[in-house]
Amino acid sequence: LAGYMEIMKFCEDYCCFSSDTGAALLTTVQAADIYLASAPKRTHCLDTVPDLNEANFLDFILRMAIVAYSPKEDLREGTFHETPENKLKALLLHMWKAINHPRAQ
C-alpha cells in the first residue's frame, strides 16, 4: 500500500515535478488530483484518504502519463504521443532517465 506522502515522494524521486528543460511533467496539484482519482472510493470516514493498492498504483501511473503528455505538453516538447501506450512509454523513459542520469545538484 502507498499513501499520499509516499506517492508525492515517488513523483519527486522520479523528477516528475521538474526536468532538465526546466518544465515540469506535472504540478503537485495535478499529482494530488490524480492520486484522489486513483484512490479507492470512500464509503465512510471522509477524514482520511485511502492508500493505493497495487492496482490503484498502476492506475495512478497510467493517469499520470496521460496528464503529463497531454496535447498541450506534446506541442511544447515538439513530440506527439497519440496513444495512452505511447504516453506511458514516454513517462517510463522519463523516469528511467531521472534515475540513470540524475541532474547535478
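Description of the overall build of the chain
Inference 1: What the chain contains, in helices and strands, is five helices and zero strands.
Inference 2: Secondary structure of the chain in N-to-C order comes out as α-α-α-α-α.
Inference 3: Taking all 105 residues of the chain together, the buried fraction comes to 33%.
Inference 4: Taking the contacts inside the chain whose residues are at least 6 apart along the sequence as the reference set, 56% of them involve residues at least 24 apart.
Inference 5: Of the roughly 6900 Å² of accessible surface on the chain, a fraction of 60% belongs to carbon and sulfur atoms.

Structural notes on the packing of helix α1 (residues 4-13) against helix α2 (residues 28-38)
Inference 1: Following both chains from N to C, one finds α1 and α2 inclined at 135 degrees, their axes separated by 11 Å at the closest point. With respect to α2, the axis of α1 lies oblique. When you trace α1 past α2, the crossing you get is right-handed. Residue-level contacts link Y4, I7, M8 and C11 of α1 to A31, A32 and Y35 of α2.
Inference 2: Among the residues forming the contact of α1 with α2, the class breakdown is seven nonpolar, no polar and no charged.

Details of the nonpolar core
Inference 1: Core analysis: the biggest nonpolar cluster contains 22 residues, and I7, C11, F60, M64 and L91 have the highest contact counts within it.
Inference 2: Elements with a minimum of two residues in this core: α1, α2, α3 (54-68) and α5 (84-100).
Inference 3: The leading source of residues in this core is α3, at five residues.
Inference 4: Setting aside residues no more than four positions away along its own chain, I7 makes contact with A2, Y35, L52, F57 and F60.

Some words on the pattern of salt bridges
Inference 1: Overall, the coordinates contain two salt bridges when judged by the stated rule.
Inference 2: Between D13 and K9 there is a salt bridge, with the nearest N and O atoms lying 2.8 Å from each other. Of this pair, D13 and K9 are both found in helix α1, four residues apart, which corresponds to roughly one turn of the helix.
Inference 3: Note that D59 and R63 form a salt bridge whose closest N and O atoms lie 2.6 Å from each other. Here the residue D59 and the residue R63 both occupy positions in helix α3, the gap between them amounting to four residues, near one helical turn.
Inference 4: Classification of D59 by relative accessible area gives partly exposed; the value is 27%.

Reading guide: rules and limits
Residues numbered from 1 in each chain as written. Predicted model: local features only at pLDDT ≥ 70, side-chain atom pairs only at ≥ 80, totals over all residues. Heavy atoms only, no water. Helix = DSSP H or I, 4+ residues; strand = E, 2+ residues; numbered from the N terminus. Buried < 20%, exposed > 50% of the residue type's maximum accessible area, 1.4 Å probe, protein only. Contact = heavy atoms within 4.5 Å. Areas by Shrake-Rupley, 256 points an atom, 1.4 Å probe, with all protein chains shown as cover. Axes fitted to C-alpha atoms, helices over the stretch in contact; angles between N-to-C directions. Parallel < 35°, antiparallel > 145°, perpendicular 65-115°, else oblique. Left-handed = near helix turned anticlockwise from the far one by under 90°. Nonpolar A, V, L, I, M, F, W, Y, C, P; charged D, E, K, R; others polar. Core = buried A, V, L, I, M, F, W, Y, C linked by side-chain atoms within 4.5 Å. Salt bridge = Lys/Arg side-chain N within 4 Å of Asp/Glu carboxyl O.

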